[in-house]
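A look at the structure
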Amino acid sequence: MEKLQQGKASRPATRAVGRTGHRFGEKLTAYLFILPSVFLIAVFGLFPIGYAFYMSLFRWRIRKGGYIGFEHYSDLVGSWGAALAFAVGLAALLVAHWLWTSAFSREGLRRWGRFIVALVLTAAGVAIALGWSTMMREGSEEFLASLVRTLFYALGTIPVQIALALVLATLLFQKIRGKEGFRMIYFLPYVTPQVAAAVVFAQLFSPRGSSLAPGSLSPANQVLAFLGIEPQRWLFEPRPLLELLFGEQITAFNGWLASLGVAWQLDGLWLGPSLALVSIIIFGVWTYTGLNVVIFLAGLGGIPGELYEAAEIDGANSRQKFWSITVPLLSPVTYYLTLLGFIGSLQAFSQLYVMRTPFARDTVDTASILIFDTFYKASNFSLAAAQSFLLFFVILFVTITQQRVMGKQVFYG
Amino acid sequence: MASARRPTDWGTVGYRLRYVPVYLLLLFGAVVAVTPFFYMVSTSLMTLGEALTRTWVPQSPQWSNYVRAWNQAEFAQYFMNSVIITGTTIAGLLVTSTLAAYAFARIEFPARDLIFTMLLATLMIPETVTFIPQFLIIRGDIFPLPGGSWINTLQALTVPFMANAVSIFLLRQFFARIPFDLWDAARMDGAGHLRFLVSVVVPMSKPVMLTVTLLAFITSWNAFLWPILVTTNPTWRPLMVGLYNFMGVAGPETHLLMAGAMITILPVLVLYFVAQKQFTEGIATSGLKG
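Residues numbered from 1 in each chain as written. Chains lettered and ligands numbered in written order. Predicted model: local features only at pLDDT ≥ 70, side-chain atom pairs only at ≥ 80, totals over all residues. Heavy atoms only, no water.

**Examining the overall build of chain A**
Formally: By definition, any uninterrupted DSSP run of H or I lasting at least four residues is a helix, any uninterrupted run of E lasting at least two residues is a strand, and each is numbered from the N terminus. For each residue, the accessible area found with a 1.4 Å probe, counting protein chains only, is set against the maximum for its type, and the residue is called buried under 20%, exposed over 50%, and partly exposed in between. Here, residues are in contact when the closest pair of their heavy atoms is within 4.5 Å. Every accessible area reported is derived by Shrake-Rupley at a probe size of 1.4 Å, with residue values counting cover from the shown protein chains alone.
When you go through chain A residue by residue, the secondary structure sums to 17 helices and two strands. Within chain A, the fraction of its 413 residues that count as buried is 49%. Across chain A, the fraction of contacts at a sequence separation of at least 24, relative to all contacts at a separation of at least 6, is 69%. Accessible area of chain A: about 20600 Å², with a carbon and sulfur share of 66%.

The following block contains the structure:
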């Protein structure tokens, strides 16, 4: 600390001593020092993002073809009007949230506010539903479905891994013997190479032991057998988890809808992720929960002990302390982990690529997988570039939404 | 008071019983975290018959499975490839990042903050957007490369990763806290920035250098999408792609596949147990998913 102060104090003197010639030499040195990094990041980081957009405007299969403008984009979303309605609907959701949390927070405007927010929400819902169904009908169902599966993966992994990590970190933060050992073990899944871990999980979650030994069960199915549940096809299963759990009820419900003359049926993507995708979600939770535990532990270390002591004096129990002190004061960490987690999971690739099987068909094809296949297998470079740009916009939207919605709930003590 | 209270608390049966569910939950989490490793190691030491029938523990360990995986599935070459690729990438990254971080932290020059901000902005760019143009760059389609196309070369697997904003950011944070009187003393001795950096700053910065190295190691060792694109033959194929390909050809020989996975994981585990504190604290401090 004293050294730092001393250093700061002497800095102006150093600057004053500098001569014009010396300053120029320093600038040249600085630019030479940053040149390798900036050059590499510019060439492989910044330039490619602009060039990807440029590529998406041409017909480009291995070699560059003719200019087609935004044809790839219109092929993907189908109808610009529908895409606009969908986007406006999403924006309206944000507006409704802002109205509810800000503009109408005062008591006098509450009654009118409720009515107006309800109106905005209804309009948003209609716009989103109409926009989406039109895009699915007229655009690339393959690509749009992959976006939905990407959201399934993100929404399936992030909340679970953060909730688990928060509980484990809170338990671990107490005076626990073997704390370091537990922390080391929890972190193990994260440091393990993801492809190798996915190869192992592909065995754990296969449908059966082996085609050469029909009677054997995979480890996941052995766990199910222990719980009295029939074996499942896990990574090979394209049917939605909800259908496996409530198939009869869903069939009855759809029959009831049909009897009422309703054209819509509860099927397809409405039933959520396939069991194959759920298996990969389980892998995602396994991989990242430990990382979150470590970071939450660091956050817990920053909460003043006096708060807990004061709460204990007031007679608060463990649960009350958890919800009143731990959760609010960890909200910056939670927000940060959620933000990073979503950005990462929306782009997840390796585990899905390794763990997908032909039997699951396209039910584990997230946007990243589809983009890769479009590029690598179909050799449609420009279409892949257009798809990647739309995914980029989705990631941006999700990031902005989180900042808007969660950012206000973050409590900085 | 506190010291007197502690033995009493721990002596109370009721107080100790409070921790039973805590330990049970923590142990359950630990078992879940470790089970896949147990399965991998156990299966890797089985005979073919044991692997097929999904027993949990081999009767006697078959260490020859590792020899077979190493030799027959080309893991020897993949391993050496990954070692060379990772070593080269880390060496290049440490040089470029150290120089850049030092300049950003210690020297005032025009547009410094603007350039730094733009570098940080690249953290938001998804790999899925950039890998397509990057592939064309590596193929030499966009502008000429020294030696023509870099497909199936070491430079394709290393050069694009020899600079990243994360490393520069971490090093810059640390370099900014080095006292200025050290710089004054070095200048009195006639040292320039480069000598000061090499002789004083770097030796003082071993903890952050280790963190940057670990993060770079994890990223490079784990590289998968990019090597699939730029390697079409085994010459420079890294371990992860080799293991993935082996998954396709191993068929029922799960024991060999698990031995291959273990070969892939072992260097990281060794590094982790040797530098465990640096792993957890470095990554927790940076908060970055490497």
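Let's pick the thread back up.
**Some points on unusual backbone geometry**
Residues other than glycine seldom take positive phi values, yet Ser-379 of chain A does so here, at roughly 55°. Its location among the elements puts Ser-379 of chain A in the loop between α16 (367-376) and α17 (381-405).

**Here we look at helix α13 (residues 318-329) of chain A**
Residues and elements named next belong to chain A. Selection rule: A helix is expected to reach a length of 1.5 Å times the quantity of its residues less one. The reported arc concerns the directions from the helix axis to the C-beta atoms and nothing else. We call two N or O atoms a polar contact when they sit within 3.5 Å, provided that within protein one can donate a hydrogen and the other can accept it, with sequence-adjacent residues counted only if both atoms are side-chain atoms.
Between the first and last C-alpha of α13 there are 15 Å, a value that for twelve residues agrees with the 16 Å anticipated at 1.5 Å per step. Within the span of α13, buried status applies to Lys-321, Phe-322, Ile-325 and Thr-326. What you see down the axis of α13 is that its buried residues fit within an arc of 125°, all on one side. Of the exposed residues in α13, those oriented more than 90 degrees away from the buried face are Arg-319, Trp-323 and Ser-324. Among the structural elements, α6 (141-173), α11 (275-300) and α12 (305-313) are those in contact with the buried residues of α13. Here α13 starts with a cap whose side-chain oxygen sits 3.1 Å from the backbone nitrogen of Arg-319, and that cap is Asn-317.

**Some points on a nonpolar patch on the surface**
Applied cut-off: Patch definition: residues above 30% relative accessible area lacking any salt bridge, with like charges linked at up to 9 Å and the nonpolar side chains Val, Leu, Ile, Met, Phe, Trp and Tyr linked at up to 5 Å. Any Lys or Arg side-chain nitrogen found within 4 Å of a carboxyl oxygen on Asp or Glu counts as a salt bridge.
A cluster of nonpolar residues, Phe-253, Trp-256, Leu-260, Val-262, Trp-264 and Trp-270 of chain A, forms a patch on the protein surface that exposes about 650 Å² of accessible area. One can find Phe-253 of chain A in helix α10 (residues 241-259).

**Some details on the pattern of salt bridges**
If you walk through the whole model with that rule in mind, you get twelve salt bridges over all chains. Measuring nitrogen to oxygen at the nearest pair gives 3.6 Å for the salt bridge that ties Asp-365 of chain A to Arg-356 of chain A. On the basis of relative accessible area, Asp-365 of chain A is assigned to the buried category, the value being 13%. Because the salt bridges share partners, they merge into one network encompassing Arg-63 of chain A together with Arg-139 and Asp-141 of chain B.

**Some words on the packing of helix α5 (residues 64-72) of chain B against helix α16 (residues 254-274) of chain B**
Between two packed helices, the angle of one axis relative to the other and the distance separating the axes together describe the packing. Residues and elements named next belong to chain B. In plain terms, the rule: For every element, the axis is a line fit to its C-alpha atoms; helices are fit only across the contacting stretch, and the angle between N-to-C directions ranges from 0 to 180 degrees. Should an angle fall under 35 degrees it is taken as roughly parallel, and over 145 as roughly antiparallel, whereas 65 to 115 is taken as roughly perpendicular and any remaining angle as oblique. Note on residue classes: Ala, Val, Leu, Ile, Met, Phe, Trp, Tyr, Cys and Pro are nonpolar, Asp, Glu, Lys and Arg are charged, and everything else, Gly too, is polar.
Packing of α5 against α16 leaves a shortest axis separation of 9 Å and a crossing angle of 75°. As judged from the angle between their axes, α5 and α16 are roughly perpendicular. Along the contact surface, α5 presents Asn-65, Tyr-66, Arg-68, Ala-69 and Trp-70, while α16 presents His-255, Leu-256, Ala-259, Gly-260, Met-262 and Ile-263. The class makeup of the residues in the contact of α5 with α16 is seven nonpolar, three polar and one charged.

**What about the confidence of the model for chain B?**
All names here are of chain B. To be explicit about the condition: Note on scores: pLDDT gives the predictor's confidence for each residue, bounded by 0 and 100.
For chain B, per-residue confidence averages 86 on the pLDDT scale, and residues scoring 70 or more make up 91% of the total. The secondary structure element of chain B with the lowest average pLDDT is helix α1 (residues 2-11), at 47, and the one with the highest is helix α9 (residues 154-158), at 95. For residues 1-8, every residue scores under 50 in pLDDT, and the model assigns this stretch zero contacts once sequence neighbours within four places are set aside.

**Details of empty space enclosed by the protein**
To keep it simple, the criterion reads: Cavity and pocket criteria rest on a 1 Å grid covering protein atoms alone: a 1.4 Å probe that fits but cannot get out defines a cavity, protein on both sides within 12 Å along at least 5 of 7 lines defines an open pocket, and an atom within 4 Å of a point defines a lining residue. Grid points are joined across faces, edges and corners, and a volume is the space filled by probe spheres set on the points.
One pass over the full model with this rule turns up one cavity of 30 Å³ or more. In this model, the largest cavity occupies a volume close to 40 Å³. Lining the largest cavity, in full, are Thr-192, Ala-197, Val-200, Phe-201 and Trp-286 of chain A together with Pro-36, Phe-37, Met-40 and Ile-265 of chain B. A breakdown of the residues in the lining of the largest cavity according to their chemical character gives eight nonpolar, one polar and no charged.

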